[in-house]
Amino acid sequence: MLAKKLVDKVCLGLIRTGLKAKEDGVRVDFLSFLQALVQHCGQASPRVKDLAGLQDPDPDLDFFENMRHVQLHRRGRAMARLARRLQEEPGLLKRPNLSQVVLPLATVYLLTDNYSKNSQLVEQAIELVGAVNSTLPWQYYENNIKYYLELFAKEIQHQKQLVKIVTAILDAFHFDLNKDEPKPTAVPVIEEAEEKKEANDVEMEDGGEEDDLQSKNSEKSRALRERIFNTVNNVLLPKLHATLSGKTKGPTAISDEDKLILRVPLAVPIVKMLKIMSLRALYRAVPGIISKIASFLKSKAVEVREAARATLCSVAVQLGPRCVATVVKELQAQLLRGYQLHILTYTVHSVLHTLGQGDQLKPGDLDSTCPQVVDICLSEMFGVISEEKDVKKITGKLLEARGTKSYDSLQLLAKFISNSKLMALVRPIADKCATFSTFKNLTKIRECFRNIVLGLLGNTALDPLNTLVFIYGVTTDKLVLGNTGLKERNGLAKVKQQESIFIVQKAPRRQGETTAKTSKSASQHVVQEFGLNLLNFLLKRSSLLAAEPEHCARLQPFLPILMTFLSSAHVTLITASLRSLLWILKFPLPDLDRAKILEFTNKVFDLLNKFGAGTDGKGENHDLVVVASKLLVVLIRDVELTQLDQNHLKTILDYVVTDVMDPFKSTTAFGLLSAIVGRNLASPELHDVMLRMVELSVQSTSGQTRAAARSTVVSYVTRSEERRVGKECRSRWS
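Note that the structure is a prediction, hence the values are computed from the model and not measured. (Residues numbered from 1 in each chain as written. Predicted model: local features only at pLDDT ≥ 70, side-chain atom pairs only at ≥ 80, totals over all residues. Heavy atoms only, no water.)

**Examining the overall build of the protein chain**
For clarity, the cut-off: Secondary structure follows DSSP: runs of H or I at least 4 residues long count as helices, runs of E at least 2 residues long count as strands, and numbering of each begins at the N terminus. Only protein chains enter the area calculation, which uses a 1.4 Å probe; residues under 20% of their type maximum are buried, those over 50% are exposed, and those in between are partly exposed. Only heavy atoms enter the contact rule, under which two residues are in contact if any of them lie within 4.5 Å.
Per the secondary structure count, the protein chain includes 34 helices and zero strands. Put simply, the protein chain has 734 residues, and 46% of those count as buried. Intrachain contacts of the protein chain at a sequence separation of at least 6 include 72% that bridge at least 24 residues.

In structure tokens:
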């Protein structure tokens, strides 16, 4: 007993005071004293024996040895190891040792200029403080968090470090705030015989004592939960909100944004605390928190904006997809004009990108915010700020003005919306398209539609059949997309005037006079291209299957539409139609009879004759010729109903002889020749062409061309019935 009193009251009391000393040498001496006590007096005191778990035979892993070491990085590693052990091994140390020994050893490196340059050591000390608080009971946890919150008004120079400490302590909140009372245990029913009644009465008396003990414990735990709930709700949260807003009492109230921004990361643990409290309190407080963060996005300093944006993304991750609409709404309310509009589009994209990367978003989560995001994107691409992006002085000073994030935002939006919101996503862009006719604006619209298609491809909830109905409405203009963008002057409908009211009749129109194209007629093909591109990707991704009768029935109405588009004046629309036909012609559609196949074949030859000459390996015409050649390969190789006359074969072989020497067209040319050989189509010119292939298989400077020519010749020789061909080929190769 004497030894226990000596160790507990004298030795440990002096050690507790010495560990708080400011001089490092004094702390090291008392830590050596504590290590000696643990080694030699462990049996004298339970508290000292409890600290034996920090020792290790290996000096590099011994906590006391490392905390006394002259190298600070070894002290930091020791604290980090202990923090991990406290998380992995509950009950490693008892509460007195945690609060009176471990905590002072960690806090001595915090809020002091002596260790400000050792940032890693400070971070590891903060990690240990959080780990210790994750095991402390409520009374000590409450004192710690209140202590550091009060320091915000005193430690002006260490605001950033205080934020990290408070965040670590709030992240270590481990108390159950569930206020639901435990269900009472059912009273056992006695079903034993009369001879066992006395034994059962004794058991029931013991059970009654246990029930009384359980009820007392439940009442104590319920009272503790209510106390914690009231303290958090009425004391801690108001203090945290005041600290975040800089509304601290006294002469140290902060108004400078450079210092206030250091407190903004407190919003993340506040949201975590609110999530533990109740959803009602969370949704009530979220708009104010987001508004406070968004106010820092108005700053002219890029560092302040970056810190606020990172915090906002972290808060959005904590809130989840349900509060995306609230975040966008608060951002629109704060960022209204000028350079702030650039920051708005950039920040909205950052929030969506962060949520999308974390796998938190699912299809349908962005339905509520779809109209707002589309409006923000359109204002960036076609509003006043689109002109500012071309001014070097603006883009040089404003990070958010460089580049356009709206395309990526539209792609993310298309990836995480439901089928019912597809029209809400496309209609505003189509309406805007109807008001344009310039090449620059139509190029932007095309890029918007392209990113929407890419996003829809990644949408796992996209229904192919519903999408086919939507595509049919877009391509046939039956959804009336774009008409809402055409408004009469002054917003009034034009009233048709009666001719009888004029005294002098209107002059007749001159011969040959034509009406100028409206914006809708000049840009409608862009919307139709979007529909065909979406159809092409659905077919390419195998979302539509030839074995499904319903899929074939839905594709049937597209045949006349595609045939009409092949006669369009817009090359890009023709190319999109040809890409869709590459897949549709492989489906067993009832209308794809011999006559329809011949019609498509003749149309493809007409296009090749019209656009085949003069392409230089790039441009819209070249893309059309390449896709038309691929379609011709599909018709010859995969469609049995395709019939080619001698004129068609002569045209193809003429193209092959010319295109095999063109590096941009050689692949398609060899594909055409292989398809003809595979179908065993006979032509007088085919023999001469194959002899030309024999020469290329030896004389060509391109290894790829030699290999393709050799493969084609071998296929032709093995399929041909004329031995003369084989002899000539062998004579030329030799």
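**Considering the pattern of salt bridges**
Should the charged atoms of two oppositely charged side chains come close, the side chains can pair. Going by this rule: A side-chain nitrogen of Lys or Arg and a carboxyl oxygen of Asp or Glu constitute a salt bridge if their distance falls within 4 Å.
Within this structure, the stated rule accounts for 21 salt bridges. Put simply, lysine 596 and glutamate 599 hold a salt bridge, and the shortest N to O gap is 3.7 Å. Pair noted here: lysine 596 and glutamate 599 are both in helix α28 (residues 594-611), with a separation of three residues, about one helical turn. The network of salt bridges with common partners includes Arg305, Glu306, Arg309 and Glu400.

**Some words on the packing of helix α17 (residues 370-382) against helix α21 (residues 422-433)**
How two helices pack is summed up by the angle between their axes together with the distance between the axes. Rules: Orientation is described by lines fitted to C-alpha atoms, with helices fitted over the stretch in contact, and by angles between N-to-C directions that extend from 0 to 180 degrees. Angles are sorted into four bins: roughly parallel if under 35 degrees, roughly antiparallel if over 145, roughly perpendicular if 65 to 115, and oblique for all others. In this scheme the crossing of two helices becomes right-handed for a clockwise turn of the near helix relative to the far one and left-handed for an anticlockwise turn of less than a right angle. Each residue is assigned to one of three groups, with Ala, Val, Leu, Ile, Met, Phe, Trp, Tyr, Cys and Pro labelled nonpolar, Asp, Glu, Lys and Arg labelled charged, and all others, Gly among them, labelled polar.
Two elements in contact, α17 and α21, have axes separated by 9 Å at closest approach and are oriented at 25°. Put simply, α17 runs roughly parallel to α21. Here α17 and α21 pass one another in a crossing that is right-handed. On the side of α17, the interface is formed by Cys370, Val374, Leu378 and Phe382, while α21 contributes Ala424, Leu425, Pro428, Ile429 and Lys432. Its residues assigned to classes, the contact of α17 with α21 comprises eight nonpolar, no polar and one charged.

**Topic: the environment of valine 453**
Tracing the backbone through its elements, the reader meets valine 453 in helix α22 (residues 439-457). By relative accessible area, valine 453 is classed as buried at 2%. It is 8.0 Å that separates the C-alpha atoms of valine 453 and phenylalanine 537, two residues lying 84 residues apart in sequence. Sequence-distant contacts of valine 453, defined by excluding residues within four places in its chain, comprise Phe530, Asn533, Leu534 and Phe537.

**Considerations on the environment of aspartate 50**
By secondary structure assignment, the location of aspartate 50 is in helix α3 (residues 46-50). Among residues more than four places away in sequence, those in contact with aspartate 50 are Leu92, Leu93, Lys94 and Asn97.

**Examining α28**
To keep things clear, this is the line we draw: Take the number of residues in a helix, subtract one, and multiply by 1.5 Å to get its expected span.
The end-to-end C-alpha distance of α28 is 26 Å, a good match for the 26 Å that 18 residues give at a rise of 1.5 Å each. If you check which residues of α28 are buried, you get Ile597, Phe600, Thr601, Lys603, Val604, Phe605, Leu607, Leu608 and Phe611. Those residues of α28 that are buried lie in contact with α26 (558-565), α27 (571-584), α29 (620-638) and α30 (646-659).

**A short note on the side chain of asparagine 451**
For asparagine 451, the location among the structural elements is in helix α22. Owing to a relative accessible area of 3%, asparagine 451 belongs among the buried residues under this scheme. Setting aside residues up to four positions removed in sequence, asparagine 451 forms contacts with Tyr407, Asp408 and Gln411.

**Focus: the packing of α17 against helix α20 (residues 406-415)**
Remark: α17 packs on α20, axes separated minimally by 9 Å, with the N-to-C direction vectors making an angle of 160°. Here α17 is positioned roughly antiparallel relative to α20, judged by the angle of their axes. The interaxial crossing formed by α17 with α20 has left-handed handedness. In contact with Cys370, Val373, Val374, Cys377, Glu380 and Met381 of α17, α20 contributes Ser406, Tyr407, Ser409, Leu410 and Leu413. Tallied by class, the residues present in the contact of α17 with α20 amount to eight nonpolar, two polar and one charged.

**Some details on helix α15 (residues 324-334)**
Since there are 3.6 residues in each turn of an α-helix, residues three or four apart along the chain are aligned in direction. Defined as follows: Picture the helix axis, draw a direction to every C-beta atom, and the arc is the one those directions span.
Restricting attention to buried positions, one finds in α15 the residues Val324, Val327, Val328, Glu330, Leu331 and Gln334. Along the axis of α15, the buried residues cluster in a sector spanning 165°; they form a single face. Against α13 (279-295), α14 (302-319), α16 (339-357) and α17 lie the buried residues of α15.

**Concerning the packing of aromatic side chains**
What counts is decided by this rule: Note on aromatic pairs: the rings of Phe, Tyr and Trp (six-membered ring only in Trp) are paired at centre separations within 6.5 Å, and the planes decide the class, stacked below 30 degrees, edge-to-face beyond 60, tilted for the rest. Geometrically, a lysine NZ or arginine CZ counts as sitting over a ring once it is within 6 Å of the ring centre and also within 35 degrees of the ring normal.
Scanning all chains against the criterion turns up 13 aromatic pairs. Considering the side-chain rings of phenylalanine 382 and phenylalanine 436, the 4.9 Å spacing of their centres and the 40° angle between planes classify their relative orientation as tilted. Within this pair, whereas phenylalanine 382 is found in helix α17, its partner phenylalanine 436 is found in the loop between α21 and α22, the two being separated by 54 residues in sequence. For the pair phenylalanine 382 and phenylalanine 436, one class covers both residues: buried. The structure contains a cluster of three or more aromatic residues connected by ring pairs, namely Trp138, Tyr141, Phe173 and Phe175. Above the ring of tryptophan 583, the side-chain terminus of lysine 586 is found at 5.0 Å from the ring centroid.

**Structural notes on the environment of leucine 151**
With respect to the secondary-structure elements, leucine 151 resides in the loop between α8 (138-150) and α9 (159-171). On the basis of relative accessible area, leucine 151 is assigned to the buried category, the value being 9%. Distance in space between the C-alpha atoms of leucine 151 and leucine 162 is 7.8 Å, their sequence separation being eleven residues. Contacts of leucine 151, omitting those with residues within four sequence positions, involve Leu111 and Leu162.

**Some details on a nonpolar patch on the surface**
To keep it simple, the criterion reads: The patch calculation keeps residues exceeding 30% relative accessible area without a salt bridge and links them within 9 Å when they carry like charges or within 5 Å when they are nonpolar (Val, Leu, Ile, Met, Phe, Trp, Tyr). The method behind every accessible area is Shrake-Rupley, applied with a 1.4 Å probe, and residues are considered shielded solely by the protein chains displayed.
Taken together, Leu6, Val10 and Leu14 make up a surface patch of nonpolar side chains, about 270 Å² in accessible area. Position of leucine 6 relative to the elements: it lies in helix α1 (residues 2-18).

**Looking at the confidence of the model for the protein chain**
What counts here: As a per-residue measure, pLDDT tells how confident the predictor is, with possible values from 0 to 100.
Confidence in the prediction of the protein chain, expressed as mean pLDDT, is 82, and 85% of residues score 70 or more. Of all secondary-structure elements in the protein chain, the lowest mean pLDDT belongs to helix α34 (residues 723-733), at 54, while α20 reaches the highest, 94. Overall, residues 179-199 carries pLDDT values under 50, and its contacts beyond four positions in sequence, including any with other chains, amount to nine contacts. The model gives residues 484-494 a pLDDT under 50, and that stretch makes eight contacts with residues more than four places away or in other chains.

**Notes on the side chain of threonine 112**
Quick reminder of the rule: Within 3.5 Å is the distance limit for a polar contact, defined as a pair of N or O atoms, with the added protein rule that one can donate a hydrogen and the other accept it, and that residues adjacent in sequence qualify only through two side-chain atoms.
Locating threonine 112 in the fold gives a position in the loop between α6 (95-107) and α7 (119-133). Taking relative accessible area as the criterion, threonine 112 reaches 19% and is therefore assigned buried. Reaching out from threonine 112, the side chain makes a polar contact with the backbone nitrogen of asparagine 114 at a distance of 3.3 Å.

**A closer look at the state of the cysteines**
To keep it simple, the criterion reads: Our working definition of a disulfide is a cysteine sulfur pair at a distance within 2.5 Å.
Per the counting criterion, the structure on display carries zero disulfides. Its sulfur unpaired, cysteine 11 is 7.3 Å from the next cysteine sulfur, which belongs to cysteine 41. Assessed through its relative accessible area of 13%, cysteine 11 is described here as buried. The thiol sulfur of cysteine 370 is not disulfide-bonded, and the nearest other cysteine sulfur, from cysteine 377, lies at 9.6 Å.

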